[in-house]
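Notes for the structure review
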Number of protein chains: 2
Amino acid sequence: MASKKTSGKKVPQTTVYRMSLYYRALKQMLGNGITTTSSAALSEAVGFTDAQIRKDLAYFGQFGVPGRGYEVENLLEAIASVLGINRRWKVALVGVGHLGYALLAYKGFKDQGFDICCAFDNDPDKIGKTWEGVPIHDVAEAVDVLRESRIELGVIAIPEAAAQNALDMLVAGGVKSILTFAPGRLHVPPDVRVRRVDLAMELEWLSYHATSIA
Amino acid sequence: MASKKTSGKKVPQTTVYRMSLYYRALKQMLGNGITTTSSAALSEAVGFTDAQIRKDLAYFGQFGVPGRGYEVENLLEAIASVLGINRRWKVALVGVGHLGYALLAYKGFKDQGFDICCAFDNDPDKIGKTWEGVPIHDVAEAVDVLRESRIELGVIAIPEAAAQNALDMLVAGGVKSILTFAPGRLHVPPDVRVRRVDLAMELEWLSYHATSIA
C-alpha cells in the first residue's frame, strides 16, 4: 500500500494517483493562462478537498506560499519530478491485438513522456510491420531487442495464458517495471514492479456504488 | 474518497479495490478445491497483510469464525453481494474503435456479470453489424436503444473531444454509472457516477516507483 519515503512518512498509493490528477488539472490551468492558483481552486478542478490536496503535496515538500498560493508552473515541475515524468521513458508493448493496437494509437502516453519504442507479437502477418510508427518484432527476438533498445517499462496486452511468458521475457530483457492487462496471478521477481489494470474491477467499482445507491 | 456507509464507518476507495482482489483470489481457491481459508492464507494469495484483510472485511460484517477462518464459498457470496456482482448488469459501449473492440472481446466482463448488450458508433461501415455477439447501433438512436434495453452501466471508449456528448447521451438514456477511457474533465450531473481509466496514469504509477528506486 505504501512506498517511497520522502518527508519521513510513507506515501499512500492514493496520493500518487491524486498527484497525477493534480498534474492534469494544473496543466489545463496553465493552458488557460492561469499562472497562480490555490488549494481551493485546485480542489474545485479535481473534486478532492483542499485539505486533502495540501496533505498530499506536503509529502513531497513545501510548494505554496501561505496567503499567496502556488505558482502553477513551479508546482507542475515539482509534481512532474515526483512522478518521474520530467523525462522521457522507453516503453515496450507485448501483444498487438485490438487492445495492443489501441495502446499504440493512444496519444496520452506520448503526451506524458512515455514512448512506445517497440512492440512484440507472434503473428507472422504483423512481424516486420510498423504500426503508428512503432516496429513490430517477433517475440522470439524480444530479449535482444529490449536490451539493445534499453527499454525501461513494459506493457503486457495479451491473454492470461501467455502473460507469465511475456513477463519473464520482459524481465530477461532488463525491464523491471511492467503494466499488465492480463488477469490472473503472476510470479514476479522481488526486484520487479507490476501494475495491473483489471478492467472488470473498474466496472465492479461502479456496480459497488450502483448497489449502494439502490 | 469514501462512500457507502455500512458498519457506521465510511468505506475507503482502496477497500473496494481490495475486495475485488479478494474475490478473485477466493474464486481461484474454490477452483482449486479449497473450501476453508484464513486471513493469513488470503494474505499470501493477494499480497496485503492479514490485518488489512480483516480490517477491510470488518466494514461489511463478521464473516469468519475465530480460530476456524472463513468458509470460502460463504465469503465469496458475501463479497459478491458487497460488490454488486451477485447479479448481472446490462452494459452499453460507446465507440467501437480498437479500444472498443478490445472491450467487446474482453472475456473478463462477462465472467464477472457484466453483459455488453449494445454498442454505438457513428461509422456507417460498423452500424448494423454484430461484433462479438453485440449489435452496433447508430449513435443517433442511442437514447431510445438505451431506454428500451434498460441499460444500467455505460462505457465510453472514444476520444476526448466526443466524450462529453457520449456522457450526455448515456445520461439521457437513463444510465447513471459510467466508465470512461477518455482523458479530460467531464461535466457530470450530481446523480451520475463516473469512473475514469486514464492509462497514462497507470504508467505514471510505474514511473513514480521506478524513479524512487533509482
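Everything numeric in this text was worked out from a predicted model, so none of it was measured.

How each quantity is defined
Residues numbered from 1 in each chain as written. Chains lettered and ligands numbered in written order. Predicted model: local features only at pLDDT ≥ 70, side-chain atom pairs only at ≥ 80, totals over all residues. Heavy atoms only, no water. Pairing = 2+ DSSP bridges. Helix = DSSP H or I, 4+ residues; strand = E, 2+ residues; numbered from the N terminus. Contact = heavy atoms within 4.5 Å. Axes fitted to C-alpha atoms, helices over the stretch in contact; angles between N-to-C directions. Least-squares fit on C-alpha atoms with pLDDT ≥ 70 in both. Phe/Tyr/Trp six-rings, centres within 6.5 Å; stacked < 30°, edge-to-face > 60°. Lys NZ or Arg CZ within 6 Å of the ring centre and 35° of its normal. Core = buried A, V, L, I, M, F, W, Y, C linked by side-chain atoms within 4.5 Å. Buried < 20%, exposed > 50% of the residue type's maximum accessible area, 1.4 Å probe, protein only. Arc of directions from axis to C-beta. Buried area = accessible area lost by both parts, 1.4 Å probe. Salt bridge = Lys/Arg side-chain N within 4 Å of Asp/Glu carboxyl O. Polar contact = N/O pair within 3.5 Å; in protein donor to acceptor, adjacent residues only side chain to side chain. Nonpolar A, V, L, I, M, F, W, Y, C, P; charged D, E, K, R; others polar.

All names here are of chain B. The mixed open sheet is built from seven strands, whose spatial order is β7-β8-β6-β5-β9-β10-β11. Whereas interior strands pair on both sides, the edge strands pair on one side only; in this sheet they are β7 (130–131) and β11 (193–196). One ladder, built from six bridges, connects strand β5 (residues 89–94) with strand β6 (residues 114–121); its direction is parallel. Of the residues in β6, the one forming a bridge with Val 94 is Phe 120. Sheet contacts for helix α7 (residues 142–149): β5, β6 and β8 (134–138); angle to β6, the most-contacted strand, approximately 165°.

Right, let's talk about the relation of the copies chain B and chain A for a bit. Mapping chain B onto chain A is achieved by rotating through 180° and translating by 0.0 Å along the same axis, at an RMSD of 0.0 Å. On this basis, the relationship between the two copies can be described by a two-fold rotation axis. In this assembly, 100% of the residues forming the interface of chain B have copies in chain A that are likewise at the interface, indicating an isologous arrangement.

Following the criterion strictly, the structure yields eight aromatic pairs over all chains and no others. When the ring of Tyr 106 of chain A is compared with that of Phe 109 of chain A, the centres are 4.8 Å apart and the planes differ by 75°; the resulting orientation is edge-to-face. Among the aromatic residues, ring-to-ring pairing joins Tyr 59 and Phe 60 of chain A together with Tyr 208 of chain B into one connected group. Against the face of Trp 89 of chain A rests Arg 87 of chain A, its NZ or CZ located 3.6 Å from the ring centre.

In terms of nonpolar packing, the biggest core is built from 108 residues, with Ile 79, Leu 103 and Phe 109 of chain A together with Ile 79, Leu 103 and Phe 109 of chain B touching the most fellow members. Sequence-distant contacts of Ile 79 of chain A, defined by excluding residues within four places in its chain, comprise Met 19, Tyr 22, Tyr 23, Leu 26 and Leu 57 of chain A.

Time to look at the pairing of β6 of chain B. All names here are of chain B. Among the eight residues in β6, seven count as buried, and that is most of the element. With three bridges joining them, β6 and β8 adopt parallel strand pairing. Considered in β8, the bridge of Phe 120 is made with His 137.

The next thing to look at is the environment of Arg 196 of chain B. Residues and elements named next belong to chain B. Secondary-structure assignment places Arg 196 in strand β11. Residue Arg 196 is classed as partly exposed on the basis of its relative accessible area, which comes to 25%. Note: C-alpha distance between Arg 196 and Phe 48 (148 residues apart in sequence) is 25 Å. Setting aside residues no more than four positions away along its own chain, Arg 196 makes contact with Thr 180, Ala 182, Pro 183, Gly 184, Arg 185 and Leu 186.

Moving on to the environment of Glu 204 of chain A. Summarising the element assignment, Glu 204 of chain A is placed in helix α9 (residues 199–213). For Glu 204 of chain A, a relative accessible area of 0% translates into the label buried. A C-alpha to C-alpha distance of 27 Å links Glu 204 of chain A and Ile 53 of chain A, two positions 151 residues apart in sequence. When neighbours within four sequence positions are excluded, Glu 204 of chain A is seen to be in contact with Ser 20, Arg 24, Leu 83, Ile 85, Gln 112 and Phe 114 of chain B.

Attention now goes to helix α3 (residues 50–58) of chain A. All names here are of chain A. Within α3, burial applies to Gln 52, Ile 53, Asp 56 and Leu 57. The arc that holds the buried residues of α3, viewed along the axis, is 130°, so those residues lie on one side. On its buried side, α3 packs onto α1 (13–31), α2 (39–46), β4 (70–71) and α4 (72–83).

Counting from both sides, the interface comprises 60 residues of chain B and, opposite them, 60 residues of chain A. Taking both sides of the interface into account, the surface hidden between chain B and chain A amounts to around 5900 Å²; carbon and sulfur atoms contribute 67%. It is Leu 203, Trp 205 and Tyr 208 of chain B that lose the most area in chain B upon contact with chain A, and together they represent 13% of the buried surface on that side. Run the count over chain B and chain A and you get six salt bridges. The salt bridge partner of Arg 24 of chain B is Asp 198 of chain A, with a shortest N-O separation of 2.8 Å. If you look at where chain B meets chain A, you find 14 residue pairs in polar contact (both at pLDDT 80 or more). Residue contributions to the side of chain B that touches chain A peak at 15 residues, all from helix α9 (residues 199–213) of chain B. Here the residues of the side of chain B that touches chain A are counted per class, giving 36 nonpolar, 14 polar and 10 charged.

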